[in-house]
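Understanding the architecture of this molecule
The lines below spell out each chain.
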Amino acid sequence: MSTFLYSKISFIRFHFLALASILFFLNTSIANAQNEPIQLKYLGTAGWQINDGKISVLIDPYISRVKLGNGPGISPDDNRQTVKRSDYFVSDTVSIDSLVQKTDFILVHHSHFDHLSDVPYIAKKTGAKVIGTETTCNILRAYGIPDEQLYPVKGGEDYQFENFAVKVIPSIHSALNDKHYLDSRTYTEVPEAPLRVSEFIEGGSLMFLARFAKHEVLTMGSMNFVERELVGLKPDILLAGVNRSQLGLYKYNERLLAVTNNPKWIIPTHWDNFRLPYGFSQQDAVEQKLLPFVEDVIKLSPKTKVLIPKHLGTLTID
Ligand SMILES: [Zn+2]
């Protein structure tokens, strides 16, 4: 079942706007693919699989999409078992196996369950190297991931790997609870596995500038950033955190676009309702979160193209 209606909404809503600036598409290419276009597959939440033919990188792959709690955001049509924050987290390995095969690296922005909880299984299955905070690495050690696979970072590192370089950028978490959010806890020791949902603590937040052969992708895992840490970066692709928690921040869109030098491509991330399985309608998230952001980007940076991916859809940029 696929109930996304981006095209319809967008054409109605943006009829009088610069429609050419918005590209809504699924499994399609921009321009003709020549050598090694970069492919970005949206896994939902803040999750991506990026592949440029030479290297495959996962970002915050959260595929289980558990049915968390009974509040708003849960669909009556979702007949899976409800998961509480006090429950031990169990990955949906069937879904993961259907989506994730080979991957070289996994970049993790922070350690909350909607970013990290599927990484133990994926790291074990693929042998991928993981770049993340001390807390992220200690959680992975708890699940038996060996140190050879782990690159603990705190922000400021700039690492060259084969076919790929990563600048690790200090960042901050979304200002949850209407700005009443601060969680300074970290795991400086290896916790006991398995972890409960609530035990996937933030553990500090990062951004990444992932440099591929032809593209520089600036990634976000939260709806927040430290402006001075982004000065001088010129990514051509920005995975921009878009949800609701950025709305109380001072000129979020304007500052983000300006400090990143108005990237050629902006792809919103972390905008969906991750309590719903793949295939369920994300209409509310599209209307309430994405469309206002797209309208604003059109005004602030008319040359920027905003790309809206569907779940499990692949964007290809030459
Ligand atoms: Zn988080």
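Everything here concerns the structure above.
So, here's what we can say about the structure.

Once that is clear, we can look at the overall build of the chain. Looking only at helices and strands, the chain has 8 helices and 16 strands in total. Relative to its full complement of 318 residues, the chain shows a buried share of 43%. Considering only contacts within the chain whose residues lie at least 6 apart along the sequence, 69% involve residues at least 24 apart.

One turn of an α-helix holds 3.6 residues; hence residues three or four places apart share an orientation. Of the residues making up helix 7 (residues 252–259), those classed as buried are Tyr252, Asn253, Leu256 and Leu257. For helix 7, the buried positions fall inside an angular range of 115° around the axis, keeping them on one side. Of the surrounding elements, those touching the buried residues of helix 7 are strand 13 (237–241) and helix 8 (283–300). One or two steps after helix 7, the chain reaches Asn261, where phi turns positive at roughly 65°.

A few words now on the packing of helix 7 against helix 8. In the contact formed by helix 7 and helix 8, the axes pass within 10 Å of each other and the chain directions differ by 50°. On the basis of their axis angle, the class for helix 7 and helix 8 is oblique. You can see that helix 7 and helix 8 cross each other, and the crossing is right-handed. On helix 8, the residues touching Asn253, Glu254 and Leu257 of helix 7 are Phe293, Asp296, Val297 and Leu300. Looking at the contact of helix 7 with helix 8 residue by residue, the classes come out as 4 nonpolar, 1 polar and 2 charged.

Burial within helix 5 (residues 134–142) is extensive, with 7 of its 9 residues counted as buried. Thr135, Thr136, Cys137, Asn138, Ile139, Leu140 and Arg141 are the residues of helix 5 that are buried. Packed against the buried residues of helix 5 are helix 3 (113–116), helix 4 (119–126), strand 7 (129–132) and strand 8 (150–152). Among the residues trailing helix 5, Gly144 stands out with phi positive, at a value near 90°.

Glancing now at the environment of Glu216. Take Glu216: it is sitting in strand 12 (residues 216–219). Not counting residues up to four positions away in its chain, the partners in contact with Glu216 are Leu209, Arg211, Pro235 and Asp236.

As a further point, take the nonpolar core. One finds Ile106 and Leu107 to be the most contacted residues of the largest nonpolar core, which totals 74 residues. Take this core: its biggest share by element is 6 residues, from helix 8. Excluding residues within four positions of it along the chain, Ile106 makes contact with Leu58, Pro61, Val119, Ile122, Ala123, Ala128 and Val130.

Calculation notes
Residues numbered from 1 in each chain as written. Predicted model: local features only at pLDDT ≥ 70, side-chain atom pairs only at ≥ 80, totals over all residues. Helix = DSSP H or I, 4+ residues; strand = E, 2+ residues; numbered from the N terminus. Buried ≥ 20, exposed ≤ 12 C-beta atoms within 10 Å, placed from the backbone. Contact = placed C-beta atoms within 7 Å. Arc of directions from axis to C-beta. Axes fitted to C-alpha atoms, helices over the stretch in contact; angles between N-to-C directions. Parallel < 35°, antiparallel > 145°, perpendicular 65-115°, else oblique. Left-handed = near helix turned anticlockwise from the far one by under 90°. Nonpolar A, V, L, I, M, F, W, Y, C, P; charged D, E, K, R; others polar. Core = buried A, V, L, I, M, F, W, Y, C linked by C-beta atoms within 7 Å.

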